[in-house]
Amino acid sequence: ELNKFIDVPLKNYSSGMRARLGFSIATVVEPDILILDEPTSQLDPIAASDFLNTVRKINLELGTTVILTEHRLEDILPYADRAVVLEEGEIIADGAPREVCAELYRKGNPMFSAMPTPVRAFYGSGAAGECPLTVREGRTWLTDAFANRPIRVCEPEPEAPLDEETDAAIVMK
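Note that this is a predicted model, so its numbers are computed, not measured. (Residues numbered from 1 in each chain as written. Predicted model: local features only at pLDDT ≥ 70, side-chain atom pairs only at ≥ 80, totals over all residues. Heavy atoms only, no water.)

## Considerations on the nonpolar core
In this structure, Leu 77, Cys 101, Leu 104, Met 115, Val 119 and Tyr 123 are the most contacted members of the largest nonpolar core, which totals 18 residues. Those elements that provide at least two residues to this core are β3 (83-87), β4 (90-95), α4 (97-107) and α5 (117-124). For this core, the element with the highest residue contribution is α4, accounting for four residues. With nine residues, the next largest nonpolar core counts Leu 36, Leu 43, Ala 48 and Ile 76 among its residues. (Core = buried A, V, L, I, M, F, W, Y, C linked by side-chain atoms within 4.5 Å. Buried < 20%, exposed > 50% of the residue type's maximum accessible area, 1.4 Å probe, protein only. Helix = DSSP H or I, 4+ residues; strand = E, 2+ residues; numbered from the N terminus.)

This is the structure we're talking about:
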């Protein structure tokens, strides 16, 4: 895929293409350790997901250790062996991903809000069982955790009337 870009000046590459090119060059030599600092920051969500899947394959298939700083935790946290959370240069949590999520929750640390949605839903519901890291694990956890609870259908709330002077919805209870 990269052959078609060989004669294109580097300044004409998109930031995403530059990231992929740099990554490709770095992996050609099959390093023992690959250190990536926010490699998806300039990529759209689909390209970022593809890139992180490639990183994961390199880790699994070539045995390359990957040290990665990343904000897109949903895409990478479930596959990490270890997570380290830094705040103002200090390590505030270090361990397996589930342990780190639990520690941030216990501490009431604002960084917990960056955890993947299944993690936040798990702790928001009372945290019974093993914390799910992926949507798939979350779906399984929800099915099991709420299997014997009755389903209650909630009636939709009536639409709030509009205040004609401000065009704002007002709620009267």
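More follows now that the structure is in view.
## Notes on the layout of surface pockets
Computed from the structure, the largest pocket encloses a volume of approximately 1,100 Å³. Lining the largest pocket are 27 residues, with Leu 68, Thr 69, Arg 82, Ala 83 and Val 84 positioned closest to its centre. Among the secondary structure elements, those contributing two or more residues to the lining of the largest pocket are α2 (45-62), β2 (65-69), α3 (73-76) and β3. Element by element, the count of residues in the lining of the largest pocket is highest for β2, at five residues. Taken together, the residues that form the lining of the largest pocket break down as 18 nonpolar, four polar and five charged. (1 Å grid on protein atoms, 1.4 Å probe; cavity = no way out; pocket = protein on both sides within 12 Å on 5 of 7 lines; lining within 4 Å. Points joined across faces, edges and corners; volume = space filled by probe spheres on them. Nonpolar A, V, L, I, M, F, W, Y, C, P; charged D, E, K, R; others polar.)

## A look at the side chain of Glu 70
Assignment of secondary structure puts Glu 70 in the loop between β2 and α3. Exposure remark for Glu 70: the relative accessible area of 14% places this residue in the buried category. Separated by 2.6 Å, the side chains of Glu 70 and Thr 40 make a polar contact. Sequence-distant contacts of Glu 70, defined by excluding residues within four places in its chain, comprise Glu 38, Pro 39, Thr 40, Leu 52 and Ile 76. (Polar contact = N/O pair within 3.5 Å; in protein donor to acceptor, adjacent residues only side chain to side chain. Contact = heavy atoms within 4.5 Å.)

## Comments concerning the pattern of salt bridges
For the structure shown, the criterion picks out four salt bridges. Linking Glu 103 and Lys 107 is a salt bridge whose minimum nitrogen-to-oxygen distance equals 2.9 Å. Taken together, the residues span about one helical turn, with Glu 103 and Lys 107 both in helix α4 at a distance of four residues. It is possible to trace a salt-bridge network through shared partners that takes in Arg 98, Glu 130 and Glu 137. (Salt bridge = Lys/Arg side-chain N within 4 Å of Asp/Glu carboxyl O.)

## A word on the confidence of the model for the protein
Of the residues in the protein, 80% have a pLDDT of 70 or more, and the chain-wide mean is 80. Here residues 166-173 is modelled with pLDDT under 50, and outside its nearest four sequence neighbours on either side it reaches 13 contacts, counting other chains as well. (pLDDT = per-residue confidence, 0-100.)

## Examining the state of the cysteines
A full pass over the atoms with the stated rule returns zero disulfides. Lacking any disulfide linkage, Cys 131 is separated from the closest cysteine sulfur, that of Cys 101, by 5.2 Å. (Disulfide = S-S within 2.5 Å.)

## Focus: unusual backbone geometry
Despite not being glycine, Glu 38 shows a phi value in the positive range, around 45 degrees. For Glu 38, a relative accessible area of 31% translates into the label partly exposed.

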